[in-house]
Amino acid sequence: MTGHAENRTALARGGIIGFAGAALSAVLGFLFSVLLARLLGSAGSGVVTQATGVFSLVMAMAKLGFDSAAIYLMPRLRVDRPEEIRACLTYMGVLTIVISVGVVLVLELVAPFIWGSDDPSVLDAVRAVMWFIPLGSLTVVAAAALRALGNMREYVLVQNVTLPVLRPVLVAAVVAMGGSLTVVSVSWALPFAVVLLVSWLLLIRHLPAEELTGPQPRWPVRERRRSIMGFALPRTLSAALEQGLTWLDVLIVGVLAGNGAAGVYGGASRYIQAGLIVDTALRIVVSPQFSRLMHTGRFEELRALYSTATIWLVLFATPIHLLMAIFSPCLMLVLGPEFRSGSWVLVILCCGAMVTFCAGNIHSLLIMSGRSGWAAFNKAIALATNVVGNLVLIPVLGINGAALSWAVCMVVDAALATVQVVHFLDVRPNLADVLRPLVGVGVCVGIPAGLVALVLGRDSFLGMGIGIVVAGACLVVMCRFMKDSLHLSGLDSMVRSKTRRQ
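These numbers were taken from a predicted model, which means no experiment stands behind them.

Caption draft 1: Structural detail: the nonpolar core. Phe55, Phe66, Met74, Leu89, Met92, Phe290 and Leu365 are the most contacted members of the largest nonpolar core, which totals 80 residues. Per-element accounting of this core gives the leading share, 10 residues, to helix 1 (residues 3-62). Residue contacts for Leu89: discarding those within four places in its chain leaves Met74, Ala145, Leu149, Leu203 and Leu207. Core analysis: the second largest hydrophobic core is formed by 62 residues, Ala37, Leu313, Ile326 and Ala403 among them.

Caption draft 2: The arrangement of helix 14 (residues 328-335) in detail. The buried fraction of helix 14 is high, at six of eight residues. Among the residues of helix 14, Ser328, Pro329, Cys330, Leu331, Met332 and Leu335 are the ones counted as buried.

Caption draft 3: Molecular detail of the packing of aromatic side chains. If you walk through the whole model with that rule in mind, you get six aromatic pairs. Each ring, one from Phe55 and one from Trp188, has its centre 5.0 Å from the other, and the planes form 85 degrees; the classification is edge-to-face. With Phe55 in helix 1 and Trp188 in helix 7 (residues 181-189), this residue pair connects regions lying 133 residues apart in the sequence. Of the residues examined, Phe55 reaches a relative accessible area of 1% and is grouped as buried. Judged by its relative accessible area of 9%, Trp188 falls in the buried class. Ring centres of Phe55 and Phe192 lie 5.6 Å apart, and the angle between their planes is 20 degrees; this geometry places the pair in the stacked category.

Caption draft 4: Looking closely at a nonpolar patch on the surface. On the surface, Leu431, Leu435, Val439, Val443, Ile447, Leu451, Leu454, Val455, Leu456, Leu462, Ile466 and Val470 cluster together into a nonpolar patch covering about 1100 Å² of accessible area. Going through the elements one at a time, helix 19 (431-456) and helix 20 (461-481) are the ones with two or more residues in the nonpolar patch. Note that Leu462 resides in helix 20.

Caption draft 5: Quick look at helix 2 (residues 66-80). For helix 2, which comprises 15 residues, the first-to-last C-alpha distance of 20 Å matches the rise-based estimate of 21 Å (1.5 Å per residue) to within 8%. Along its length, helix 2 shows its largest kink, about 30 degrees, at Leu73, and proline Pro75 lies within four residues downstream of that point. Within helix 2, 12 of the 15 residues are buried, which leaves the element mostly enclosed by the surrounding structure. Every buried residue of helix 2 is accounted for by Phe66, Asp67, Ser68, Ala69, Ala70, Ile71, Tyr72, Leu73, Met74, Pro75, Arg76 and Leu77.

Caption draft 6: Summary view of the pattern of salt bridges. Counted by the stated rule, this structure contains seven salt bridges. Residue Glu301 pairs with Arg298 through a salt bridge whose shortest N-O separation is 3.0 Å. Assessed through its relative accessible area of 15%, Glu301 is described here as buried. By relative accessible area, which is 30% here, Arg298 ends up partly exposed.

Caption draft 7: Representation of the confidence of the model for the chain in the model. Of the residues in the chain, 89% have a pLDDT of 70 or more, and the chain-wide mean is 81. Confidence over residues 492-502 falls short of pLDDT 50; this stretch has seven contacts with residues more than four positions distant or in other chains.

Caption draft 8: Highlighting the packing of helix 13 (residues 299-326) against helix 19. Viewed as axis vectors pointing N to C, helix 13 and helix 19 meet at an angle of 20 degrees, and their least axial separation amounts to 9 Å. When the axis of helix 13 is compared with that of helix 19, the two are roughly parallel. Classified by chirality, the crossing of helix 19 by helix 13 is right-handed. Counting all contacts with helix 13, which are made through Ser307, Thr310, Ile311, Val314, Leu315, Thr318, Pro319, Leu322, Leu323 and Ile326, the residues of helix 19 involved are Asp433, Val434, Arg436, Pro437, Leu438, Val441, Val445, Gly446, Ala449, Gly450 and Ala453. Grouping the constituent residues of the contact of helix 13 with helix 19 by class yields 14 nonpolar, five polar and two charged.

Caption draft 9: Looking closely at unusual backbone geometry. In this structure, Asp426 takes a positive phi of about 55 degrees despite not being glycine. Summarising the element assignment, Asp426 is placed in the loop between helix 18 (399-425) and helix 19. On the accessibility criterion, Asp426 (42% relative accessible area) is partly exposed.

How each quantity is defined
- Sequence order as written defines the numbering, with residues in each chain counted from 1.
- Under the rules for a predicted model, residues below a pLDDT of 70 receive no local features and side-chain atom pairs below 80 are neither given nor counted, while totals for whole chains, interfaces and linings still include all residues.
- The basis for the side-chain values is all heavy atoms of the structure; hydrogens and waters are excluded.
- Put simply, buried Ala, Val, Leu, Ile, Met, Phe, Trp, Tyr and Cys residues joined by side-chain atoms within 4.5 Å make one nonpolar core.
- Partly exposed describes any residue whose relative accessible area lies between the buried limit of under 20% and the exposed limit of over 50%, with all areas from a 1.4 Å probe on protein chains only and scaled to the type maximum.
- The secondary structure listing takes helices from DSSP runs of H or I that are at least 4 residues long and strands from runs of E that are at least 2 residues long, numbered from the N terminus.
- In what follows, residue pairs with any heavy atoms lying within 4.5 Å of each other are defined as contacts.
- Think of it this way: a Phe, Tyr or Trp ring, Trp meaning its six-membered ring, pairs with another when their centres are within 6.5 Å, and the plane angle makes it stacked under 30 degrees, edge-to-face over 60, tilted otherwise.
- To count toward a patch, a residue needs a relative accessible area above 30% and no salt bridge. Like charges then connect within 9 Å, nonpolar side chains (Val, Leu, Ile, Met, Phe, Trp, Tyr) within 5 Å.
- Accessibility throughout is a Shrake-Rupley quantity obtained with a 1.4 Å probe, and a residue counts as covered only by protein chains that appear here.
- Only one rule defines a salt bridge in this text: a Lys or Arg side-chain nitrogen within 4 Å of an Asp or Glu carboxyl oxygen.
- Helices are assigned an expected span. That span is 1.5 Å times one less than the residue count.
- Consider a residue and the seven residues that end there alongside the seven that start there; fitting an axis to each set, the bend is the angle between those axes.
- As a per-residue quantity, pLDDT reports the predictor's confidence and falls between 0 and 100.
- Only the contacting stretch of a helix is used when fitting its axis, a line to C-alpha atoms as for every element, and angles between N-to-C directions run 0 to 180 degrees.
- Any angle that is under 35 degrees is reported as roughly parallel, and any over 145 degrees as roughly antiparallel; angles of 65 to 115 degrees are reported as roughly perpendicular and all others as oblique.
- It is the rotation of the near helix from the far one that decides the hand of a crossing: anticlockwise by less than a right angle makes it left-handed, clockwise makes it right-handed.
- For this scheme, ten residues count as nonpolar: Ala, Val, Leu, Ile, Met, Phe, Trp, Tyr, Cys and Pro. Four count as charged, namely Asp, Glu, Lys and Arg, and the remainder, Gly too, count as polar.

Shown next, in the form of structure tokens:
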């Protein structure tokens, strides 16, 4: 089997496992959002959403970029220096705890000045959840190391199953017992303790034994520490900016338009996060492969893998967002009648996401090339665009303005990364690779689903069900007839290999 075929099969195998895990995580995350919306209303869910947004934003800085450093470094160490793996993980783990505790103490001091309004609900929720940031930071680093050293099944178990399963269960129990918004917020963060324990127990099984690698240092040498920090520090900024792009608009909406508007906007943005399951699944698989191929100088295989991943991202991710845009009123009604005002928010967010898919996993490619500083620069430009856009558009267009600002900044981020990858790596998106699946999805998904929505209505649950079934059937037929041009042979190879083993 050629290197290209092996990479495609590995991509398909890992992608299917990752997709299954991401899909389960998305469904459970959506269930969490529905529970918040139905049980707490737009204002109550807005408070919890803001608290969890602050948690995610601060944790992105507290983990100091060591999760990305682990994904970048571990595949390379396993090839060249397996005896250094334990020491590097110890170093990253200790620093994660020290930094995250320091960040929490600072946040404890400044929180009253940021959220010290007449309504203390957001302040109380933020101050309660932030003490779980050290646990959450260490959990993310451990899961990233498991992803780089272990296998997709174990990573999916801890990150896509255990964590999202526990959250809605705890939220439902807390609300049933009459818990406050602060306690509900804490129930969102509490599962990190369980996931951390499971992650480290699984990770230990994949650490190289001393009898196989020789004496293992307890602490990495100075040169290795400098290389870790040189990669991680820019990723700290980049990760914080990424979370800022995810959550800052929700927080700005809460400040400028109130908790109710933040709840509606947060409900719409949660659909987008759930819809990114294909992007998440592919990124989880391709990032370590990108790092390995670049480290070994196999750039032809790198370009082929990137091309295949781009085709699959457009082919399988675009239909999800296209259907969400078409039936956006119906989806927002799932959260409750007061959330229907966010239907156009969902349409705008979906359009922005679909445009960015055309660049493929361009951000992973840039980061795994070791240029995390450029990725941080891109996020800074995108975040500045988002903040300015929010401040200008929200007073004029309300939450639709926040959605438009987010869509524009996502396109800016992808465009910058594409230009840099072309310049540094001479790897570029192929227009034909993008147009084939994009046009196919438009014809096979957009037209039939649009016709169903036109006849039965965009807010019809029956229409949405029929539209999804018809569009899905048309997409399957298209994939069957365009199997070769869409690079779906990796899926066939995986199925055939499993059949032979059986």
